[in-house]
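Working through the structure, step by step
One letter stands for each residue in the lines below.
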Amino acid sequence: DFEALLDLGFEKSLPCLMQLGNHLSPGIFDSFSAPSASAHDLKHLCSLFPADTACPAVDSDGNGTTVSLHSYVSDAIASDAQPSLPERDSTPYLKDWHCVRELELAGRTQPLYQLPWPLSVDWLNAYCDWRRCNSQDDYRFVYLGQDGSSTKLHSDVMASFSWSINLLGEKRWILFPEDQTSCLQHSTTGRLPNSLAELEADLQHYTDYQRATPTKLVQRANQIIFVPSLWQHEVVNVGLTLSVNHNWLNRYNVLNMLEQLIQDLDAARAELADIRNILSASDFEYQCQRLIKANCSFDFVDVLCMLCLAAQSAALCLLGAPRLKAEAGLLLEWGDWPRIAHPVATFLSHNLPLDEVSKQAWARKDFDVCQQAARQLQIAWGLPTPPVHGVEKQPCVTQRLRDEPELIEGHLHGVLTDMDRLLALFS
């Protein structure tokens, strides 16, 4: 029940396991929704890609490598037919493959798959699509692994949500709530283990693990699991397993993402402390932003642009414009705007080093417009603004829209104009 996801997943931050049904269709994975789906259906997926397609993978020791897609699938089909083959334990795990991105870059126009609401409201990947001309990164992945392959203990990048749709095989999940992360830490060093096997082999140094109450779920074919922000989890595949995974952001978890980036910035400043005195303040902040972006493909200006896109689509919604194209995935419902006003205000007002970072990184851009649009972004989210020459603070935009529809309509058109101007600086 995707409606229940709003309450249990988004509001209460609980993992959810749901039946997929036909919600992923139409698309390239149609054949896997049939009860008769099998490893042989992987051949159709292969047929969409050139014979020399290489995919990222990890070996049994967790080291990154690449595999030939066509050879890997052929071996997987053969191994699935003979499960007693001894070499399957050492077979790499094909994971973090940007299947969607690669097909789109190749010019494929047929939808790869269509997501049900609310999974389709995804600010993160919509922003990645917008910046495609400058970066080919996104957060949509395909995983294909043999029996026993696994993803070790981790929480998802940038404190994002994640969902995983199982198309073939079975996944066994162990998940730990955010407030139990301390139960997984080494009692002396405070670090998290690489895997639960490492932890369980050294319980004398993971003394708080006995207090943990993990959630254990078995995800079968044609089921989707939702993983909340900041939940540590480990996953093991049972049988040949194919899944589609997204990391994503919306109004419910954007605050977690902003707080995570602030922590990353503090860590970057500490790591680069030795060069702080030999650089100007703006140069140092710029190097910190570069380090953050190297780690997660996002920096603070990426966040600013992502929020601008969300504000832009919210303004269109409030103006009664038709829904944006499905692939934009940014449309906000009426109640979305004020609900995230506080986290966005916190981020923009106190933590975004726009005056330092933007001057250095985009010296040839119109910085005054950037500053103006950033302030307009605050207003766009319905944030109270400081009084000017004794003028009282302005009420929330949604309240003004109800009370003064003609006046606020002009403001919203101004929001659209300013968001366009800001986004043009970084496009």
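Here is a short report on the structure shown in this document. (Residues numbered from 1 in each chain as written. Predicted model: local features only at pLDDT ≥ 70, side-chain atom pairs only at ≥ 80, totals over all residues. Heavy atoms only, no water.)

For the rest of this paragraph, the subject is the packing of aromatic side chains. Considering all chains together, one arrives at twelve aromatic pairs under this definition. Ring centres of F49 and W97 lie 4.9 Å apart, and the angle between their planes is 55°; this geometry places the pair in the tilted category. Placement of F49 in the loop between α2 (42-47) and β2 (54-58) and of W97 in strand β4 (residues 93-97) is noted, with a sequence separation of 48 residues between them. Here F49 matches W97 in class, with each residue buried. Each ring, one from Y127 and one from F298, has its centre 5.4 Å from the other, and the planes form 75°; the classification is edge-to-face. Of the two residues, Y127 sits in helix α5 (residues 123-130) while F298 sits in the loop between α8 (281-296) and α9 (300-318), which places them 171 residues apart along the sequence. In this structure Y127 comes out as buried when scored by relative accessible area, which is 3%. Aromatic rings pair up to connect F10, F161, F226 and W248 into one cluster. (Phe/Tyr/Trp six-rings, centres within 6.5 Å; stacked < 30°, edge-to-face > 60°. Helix = DSSP H or I, 4+ residues; strand = E, 2+ residues; numbered from the N terminus. Buried < 20%, exposed > 50% of the residue type's maximum accessible area, 1.4 Å probe, protein only.)

Helix length check: helix α7 (residues 254-271) (18 residues) gives 25 Å between terminal C-alpha atoms against 26 Å at 1.5 Å per residue, within 8%. Of all the residues in α7, the buried ones are V254, M257, L258, L261, L265 and A268. End-on, the buried residues of α7 take up no more than an arc of 95°, which puts them together on one face. (Expected span 1.5 Å × (residues − 1). Arc of directions from axis to C-beta.)

Summarising the element assignment, G190 is placed in the loop between β7 (161-176) and α6 (196-200). Here the alpha-carbon distance between G190 and Y206, two residues 16 residues apart in the chain, equals 9.3 Å.

Read these as geometric descriptors, not functional statements.
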